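Here's the letter readout for the chains.
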Amino acid sequence: MTHVEDELNSQPECWIRAAGEAGRHRDALPKPGERVAVVGCGTSYFMAQAVAALREGAGQGETDAFAASEFPRGRSYDRVVALTRSGTTTEVLRIIGELKGHTPTTAITADPATPVMTAADDLVVLDFADERSVVQTRFATTALTLLRAHLGLHADAVVTDARTALSTPLPQGLASCGQFTFLGRGWTVGLANEAALKMREASLSWTEAYPAMEYRHGPISVTTEGTATWMLGEAPEGLAAQVRATGALWVAGGLDPLAELVGVQRLAVAVAAARGLDPDQPRHLTRSVILAP
């Protein structure tokens with residue numbers, strides 16, 4: 001078993017622990033009414049997109065998500081939350097350093113022995129969700145679970161759905177598809193983006209991601225036999241039938257969308273195995289991007 005397989009299989013237990021610890025981290029996390037930005041790179045950026053949509057949707061306050069390198073320096077926030085598994089990513093450390101003394105910052109990280117520990121004003125360490133694989137799985141979903149619980153949006157059913165996603169066989173023929181599209185709505189657009197990234201990283205697959213209502217505005221033109229479209233969350237009316245009419249495989253998201261992402265992680269590993277790839281060591285990638293001064 002690869003590290004990524006072991007790590008993605010441990011997600012239900014990680015989510016239970018993170019939800020249980022959310023109250024302990026209350027003071028470090030955004031308060032209702034605060035104007036907040038959530039930043040990250042790669043997977044963490046896509047989790048930031050999901051968090052921002054969830055928080056605004058819950059009426060907790062205006063919330064933006066940015067790739068750390070694209071943070072708007074002239075914009076004012078009450079708090080900036082940085083998601084960083086490694087605690088060493090250059091772009092994240094730069095923006096936290098620039099905000100020091102001006103805007104409170106919170107870092108959610110997996111490694112307690114990294115520069116982010118002294119750079120950020122407040123810290124949440126999820127070391128039990130750290131990973132050996134370059135490809136992120138459990139840290140990202142555990143951080144999102146912590147924040148869902150903080151917003152009062154986590155339920156035991158999410159963990160049950162994750163276990164279902166781990167134990168249910170993938171749809172027949174899915175792993176042999178040559179192209180994969182992931183769709184989301186609201187907070188699950190970020191999950192769709194992450195699903196596509198996971199497939200690219202682990203299995204070198206041709207993947208795309210879109211807001212579900214945008215799919216008809218061009219992207220559906222590449223959908224055909226031998227491709228798959230996976231919906232994370234509730235699909236727009238009529239879209240499933242339109243995709244099936246192209247000859248493509250339609251995968252309906254019947255579980256909690258975060259659990260559906262676990263299913264995508266399993267798919268990425270399965271496709272990697274079929275292609276003789278090592279999903280723990282994707283080409284050209286490292287655990288953290290550390291840029292020279």
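Here, the structure is the one placed above.
These figures come from a predicted structure and were not determined experimentally. (Residues numbered from 1 in each chain as written. Predicted model: local features only at pLDDT ≥ 70, side-chain atom pairs only at ≥ 80, totals over all residues. Heavy atoms only, no water.)

Draft legend 1. Looking closely at the sheet that holds strand 5 (residues 122-125). Reading across from one edge, 2-1-3-4-5 is the order of the five strands in this open sheet, with parallel pairing throughout. Looking along the sheet, the strands with just one partner apiece sit at the ends: strand 2 (63-67) and strand 5. Averaged over all adjacent pairs, the angle separating strand axes in this sheet is 20 degrees, with direction ignored. Running over the sheet, helix 3 (residues 43-57) touches strand 1 (36-40), strand 2 and strand 3 (79-84) and is turned about 170 degrees from strand 2. Set on the sheet, helix 4 (residues 90-99) makes contact with strand 1, strand 3 and strand 4 (105-109); between it and strand 3 the angle comes to about 160 degrees. (Pairing = 2+ DSSP bridges. Helix = DSSP H or I, 4+ residues; strand = E, 2+ residues; numbered from the N terminus. Axes fitted to C-alpha atoms, helices over the stretch in contact; angles between N-to-C directions. Contact = heavy atoms within 4.5 Å.)

Draft legend 2. Structural detail: the packing of aromatic side chains. This structure, assessed with the given rule, holds six aromatic pairs. With 5.8 Å between their ring centres and 80 degrees between their planes, phenylalanine 66 and phenylalanine 71 make a pair best called edge-to-face. Its relative accessible area of 14% is what places phenylalanine 66 among the buried residues. With centroids separated by 6.5 Å and ring planes inclined at 70 degrees, the aromatic side chains of phenylalanine 66 and tyrosine 77 adopt a geometry described as edge-to-face. On the criterion of sequence distance, the pair formed by phenylalanine 66 in strand 2 and tyrosine 77 in the loop between strand 2 and strand 3 is long-range, its members being 11 residues apart. With respect to burial, phenylalanine 66 and tyrosine 77 carry one shared label: buried. (Phe/Tyr/Trp six-rings, centres within 6.5 Å; stacked < 30°, edge-to-face > 60°. Buried < 20%, exposed > 50% of the residue type's maximum accessible area, 1.4 Å probe, protein only.)

Draft legend 3. Inspection of the sheet that holds strand 6 (residues 179-184) at higher detail. Taken together, four strands build an open sheet; the order of strands is 7-6-8-9 and the sheet is parallel. A strand with exactly one partner marks an edge of an open sheet, and here the two such strands are strand 7 (206-211) and strand 9 (249-251). In this sheet, neighbouring strand axes are inclined to one another by 20 degrees on average, regardless of whether the strands run parallel or antiparallel. Summarising the sheet, strand 6 and strand 8 (residues 227-232) pair through six bridges and their orientation is parallel. From the neighbouring strand, glutamine 179 faces strand 8, where its bridge partner is threonine 227. Sitting on the sheet, helix 10 (residues 257-274) touches strand 6 and strand 8, and the angle it makes with strand 8 is about 155 degrees.

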